[in-house]
Amino acid sequence: MKYIITTLGCKVNQYETQAMETLLCQRGHHPVAEGEIADAVIINTCAVTAESGRKSRQAVRHLAAAHPGAAVIVCGCWSQISPEEAKEIGADVVFGSGEKHALVDAVEQAVSEKQEALCVDDPFKRMQFEELPAGAVAGRTRAMLKIEDGCLNFCTYCVIPFSRGRVRSLPAEAAARQARQLQEEGYRELVITGIEIASYGKDLPGEPGLADCVEAIAAAAPEMRLRLGSLEPTVITEDFARRLAATGRVCPHFHLSLQSGCDKTLKNMNRKYDTARFYECIEILSRYFPGCAFTADLITGFPGETLEDQAETLAFIRKCGFADMHIFPYSVRPGTKAEKMPGQVTKGEKARRAHEAQAVAEEMHRTYLEGCVGKEIQVLFETCQGSTWFGHGENYCTVRTEGEELRGQLRTVRITGVSGEMLEGKLI
């Protein structure tokens, strides 16, 4: 069987897609070659915003048209919430955000027996973490390991708790085992990911925390550097930062889930912190990881946000000095509390505020890159063009340098300049 998979959304979706590919390949199936018609098209969807849902529907229609006769399989967060709609637009097999092993069975049956399926469960009844094969698409030097699923934060703009269910965690010993295997396979960086990894362990006996899992992984795979996925400020304490730094393996790059720099807006979002607590997290991590890079997400134009609130947010992100940011105009998601909130901001004004925030983010990004000049950083090299090699620095910036065969090597590079969005340097 020849298949094609497309993925929308977050790193967890990317992880689950590579896991499905691994399972398919283990059964003797192959990705479709360019120009060929697939036997099965699989769309791993996203529902984090209304726009994500629109793009998911668009992807289903596009792939179905591009591969006539192929079985159309839809899974992920959007189909978890809107299974009947997925069926209506042409999906033969509809799964939600779980049961990836069963999904692979359904793909085979859809191709060989033309068997349709609608298999979407109640995510809040999921009690066990579904362990999937960790890894990455062939040829990559960085792997992902999902250690947690689910979220019970219930932010007012978000449907993810309703698509992913309760917190479920991979036991630390299982995470360590998978990390050790990935190291043996030659990976040099491991991205530790999940829907809300700050809540890791709340469902496990004794309620171990994220730091416990990271320590176990670091001990099992001492030759890999570790990069953490998005962190909620609630998990960052003095003890947490001290323990991470003591492993000597955690990259000095932290993606913190901000969403707004205005306390009133954070409260309306039902976030579990204020700006003072958020900035305390930056100070704590900076003490244990001097010079580390901070990145963040930001939503502009949330219901009730005024121009004064926007100005407060811009002042706060400048204070934080982010190395990079992901900025989104607020997208109304049907079924959320924010959909019904008063003070909805017009689409044009949301976009204007996003543009205004992006200008500040770009200024900070440039300042951060220029501040790297003269420093020495560890770079994991991945690709090349002739004798020019490209890789990710420990700070997550792209770095290029001249050299011989460097693929998969972790090398120290002295940064000599900035070229567009990249750092340039020389091997030490």
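Every value quoted in this text rests on a predicted model; they were computed, and no experiment measured them.

About the criteria used
In this numbering scheme, every chain counts its residues from 1 along its sequence in written order. For this predicted model, a pLDDT threshold of at least 70 governs which residues receive local features, and a threshold of 80 or more governs which side-chain atom pairs are given and counted, while totals over whole chains, interfaces and linings are taken from all residues. No hydrogens and no water enter the side-chain calculation; it runs on all heavy atoms of the structure. Under the scheme used here, helices are H or I runs from DSSP no shorter than 4 residues and strands are E runs no shorter than 2 residues, and both carry numbers assigned from the N terminus. Helix span is expected to be 1.5 Å times the residue number reduced by one. Throughout this description, buried means an accessible area under 20% of the type-specific maximum (1.4 Å probe, protein chains only), exposed means over 50%, and partly exposed covers the range between. Taken from the helix axis, the directions to the C-beta atoms give the arc we talk about. Residues are treated as being in contact if the distance between any of their heavy atoms lies within 4.5 Å. Polar contacts here mean pairs of N or O atoms no more than 3.5 Å apart (in protein, one a potential hydrogen donor and the other a potential acceptor; neighbouring residues in sequence count only if both atoms are side-chain atoms). A pocket here means an open set of points on a 1 Å grid, computed over the protein atoms alone, that has protein on both sides within 12 Å along at least five of seven lines. A cavity is instead a set of points where a 1.4 Å probe fits but cannot get out; residues with an atom within 4 Å of a point line either one. Grid points are joined across faces, edges and corners, and a volume is the space filled by probe spheres set on the points. All amino acids are sorted into three groups, where Ala, Val, Leu, Ile, Met, Phe, Trp, Tyr, Cys and Pro are nonpolar, Asp, Glu, Lys and Arg are charged, and the leftover types, Gly among them, are polar. Patches were defined on residues exceeding 30% relative accessible area and lacking a salt bridge, with like-charge contacts within 9 Å and nonpolar side-chain contacts (Val, Leu, Ile, Met, Phe, Trp, Tyr) within 5 Å. Here, Shrake-Rupley sampling with a 1.4 Å probe gives the accessible areas, and only protein chains in the shown set may cover a residue. The rule for a salt bridge is simple: a side-chain nitrogen of Lys or Arg has to be within 4 Å of a carboxyl oxygen of Asp or Glu. Under this scheme, a helix contributes an axis fitted over its contacting stretch, all axes are lines through C-alpha atoms, and angles between N-to-C directions fall in the 0 to 180 degree range. An angle below 35 degrees is treated as roughly parallel, one above 145 as roughly antiparallel, one from 65 to 115 as roughly perpendicular, and anything else as oblique. Any two of the Phe, Tyr and Trp rings considered here, Trp counted by its six-membered ring, make a pair once their centres fall within 6.5 Å; the pair's planes then place it as stacked at under 30 degrees, edge-to-face at over 60, or tilted in between. In plain terms, two cysteine sulfur atoms within 2.5 Å form what is called a disulfide here. Criterion used throughout: strands pair if DSSP finds at least two bridges between them. Left-handed describes a crossing whose near helix is turned anticlockwise from the far helix by less than a right angle; the clockwise case is right-handed.

Asks: Please provide a residue-by-residue account of helix α5 (residues 100–113), values included.
Replies: With 14 residues, α5 ought to run about 20 Å at 1.5 Å a step, and its terminal C-alpha atoms sit 19 Å apart, in line with that. Three or more residues of α5 are buried, namely Lys-100, Leu-103, Val-104, Ala-106, Val-107 and Ala-110. Along the axis of α5, the buried positions cluster into a sector of 160°, meaning they face one direction only. Summarising the geometry of α5, the exposed residues directed more than 90 degrees from the buried face are Ser-112 and Glu-113. Structurally, α5 contributes buried residues whose contacts are with α1 (11–26), β3 (40–45), β4 (71–76) and β5 (93–95).

Asks: Hey, could you go over the environment of Glu-215 for me, with residue numbers and the actual values?
Replies: Within the secondary structure, Glu-215 sits in helix α8 (residues 210–220). Expressed as a C-alpha distance, the spacing of Glu-215 and Val-250, which sit 35 residues apart in the sequence, is 9.8 Å. With sequence-adjacent residues up to four places away left out, Glu-215 is seen in contact with Arg-243 and Thr-247. Separated by 2.8 Å, the side chains of Glu-215 and Arg-243 make a polar contact.

Asks: Break down unusual backbone geometry for me, citing the residues and quoting the values.
Replies: Phi angles above zero are rare outside glycine, and Glu-99 is one such case at about 55°. A relative accessible area of 44% places Glu-99 in the partly exposed class. Its identity as a non-glycine residue notwithstanding, Glu-207 has a phi of 50°, on the positive side. Mapping Glu-207 onto the fold places it in the loop between β9 (189–194) and α8.

Asks: Any details on the layout of surface pockets? Residues and values, ideally.
Replies: Space inside the second largest pocket adds up to approximately 400 Å³. In terms of lining residues, the second largest pocket is bounded by 24 residues, among which Pro-252, Gly-291, Cys-292, Glu-394 and Asn-395 are the most central. Considering every element that reaches the lining of the second largest pocket, the biggest residue donor is strand β14 (residues 376–385), with three residues. Looking at the lining of the second largest pocket, its residues break down into 14 nonpolar, five polar and five charged.

Asks: Lay out a nonpolar patch on the surface with the relevant residues and their values.
Replies: Residues Leu-152, Phe-154 and Phe-162 make up a contiguous nonpolar surface patch of about 270 Å² in total accessible area. By secondary structure assignment, the location of Leu-152 is in the loop between β7 (142–149) and α6 (160–164).

Asks: Tell me about the packing of α8 against helix α9 (residues 238–247), and please be specific about residues and values.
Replies: Their axes nearest at 10 Å, the elements α8 and α9 cross at an angle of 5°. If you check the angle between α8 and α9, you find them roughly parallel. Along its contact with α8, which presents Leu-210, Ala-211, Asp-212, Val-214, Glu-215 and Ala-218, the element α9 presents Phe-240, Arg-243, Leu-244 and Thr-247. Residues that form the contact of α8 with α9 fall into these classes: six nonpolar, one polar and three charged.

Asks: Which residues make up the pattern of salt bridges, and what values go with them?
Replies: Applying the stated criterion across every chain yields a total of 34 salt bridges. Between Arg-27 and Asp-105 there is a salt bridge; the shortest N-O distance is 2.6 Å. Of this pair, Arg-27 sits in the loop between α1 and β2 (30–31) while Asp-105 sits in helix α5, and the two are 78 residues apart along the sequence. Its relative accessible area of 36% is what places Arg-27 among the partly exposed residues. Put simply, Glu-16, Lys-100, Lys-146, Asp-149, Arg-164 and Arg-168 are held in one network by salt bridges that share partners.

Asks: An account of the packing of aromatic side chains is requested, with residue identities and associated values reported.
Replies: Evaluation of the coordinates by the stated rule reveals ten aromatic pairs. Seen from their ring centres, Phe-124 and Phe-162 are 6.0 Å apart, and the 80° between their planes marks the pair as edge-to-face. Of this pair, Phe-124 sits in the loop between β6 (117–119) and β7 while Phe-162 sits in helix α6; the two residues are 38 residues apart in sequence, bridging distant segments of the chain. Taking relative accessible area as the criterion, Phe-162 reaches 42% and is therefore assigned partly exposed.

Asks: A description of the state of the cysteines should follow, citing residues and the corresponding values.
Replies: A full pass over the atoms with the stated rule returns zero disulfides. Residue Cys-292 stays outside any disulfide, its sulfur separated by 11 Å from that of Cys-251, the closest cysteine. You can call Cys-292 buried: its relative accessible area is 9%. Of the cysteine sulfurs around Cys-372, a residue in no disulfide, the closest is that of Cys-397, at 5.2 Å.

Asks: A description of the sheet that holds strand β11 (residues 253–259) should follow, citing residues and the corresponding values.
Replies: One open sheet accounts for three strands, arranged β11-β12-β13; its pairing is parallel. Only two strands of the sheet have a single neighbouring strand rather than two, namely β11 and β13 (324–329). Strand-to-strand twist across the sheet, computed as the mean angle between neighbouring axes with direction ignored, equals 15°. Here strand β12 (residues 293–300) pairs with β13 via six bridges, running parallel. Paired with Asp-297 across the strands is His-326, a residue of β13. Where helix α11 (residues 275–288) meets the sheet, it contacts β11 and β12, and its direction lies at approximately 175° from that of β11.

Asks: So what about the environment of Ala-91? Which residues, and what values?
Replies: With respect to the helices and strands, the residue Ala-91 is situated in the loop between α4 (83–88) and β5. The spacing of Ala-91 and Ile-73 is 18 residues in sequence and 5.7 Å in space, taken between C-alpha atoms. The residues contacting Ala-91, other than those within four sequence positions of it, are Val-72, Val-74 and Ala-86.

Asks: I'd like to hear about the packing of helix α12 (residues 307–320) against helix α13 (residues 347–371), residue by residue, with values.
Replies: Following both chains from N to C, one finds α12 and α13 inclined at 15°, their axes separated by 10 Å at the closest point. In this view, α12 runs roughly parallel relative to α13, as classed from their interaxial angle. Of the two possible hands of crossing, α12 and α13 adopt the one that is right-handed. Residues Leu-307, Gln-310, Leu-314, Ile-317 and Arg-318 of α12 touch α13, and the partners they reach there are Glu-349, Arg-352, Arg-353, Glu-356, Ala-357, Val-360, Glu-363 and Met-364. Within the contact of α12 with α13, the residues separate by chemical class into six nonpolar, one polar and six charged.

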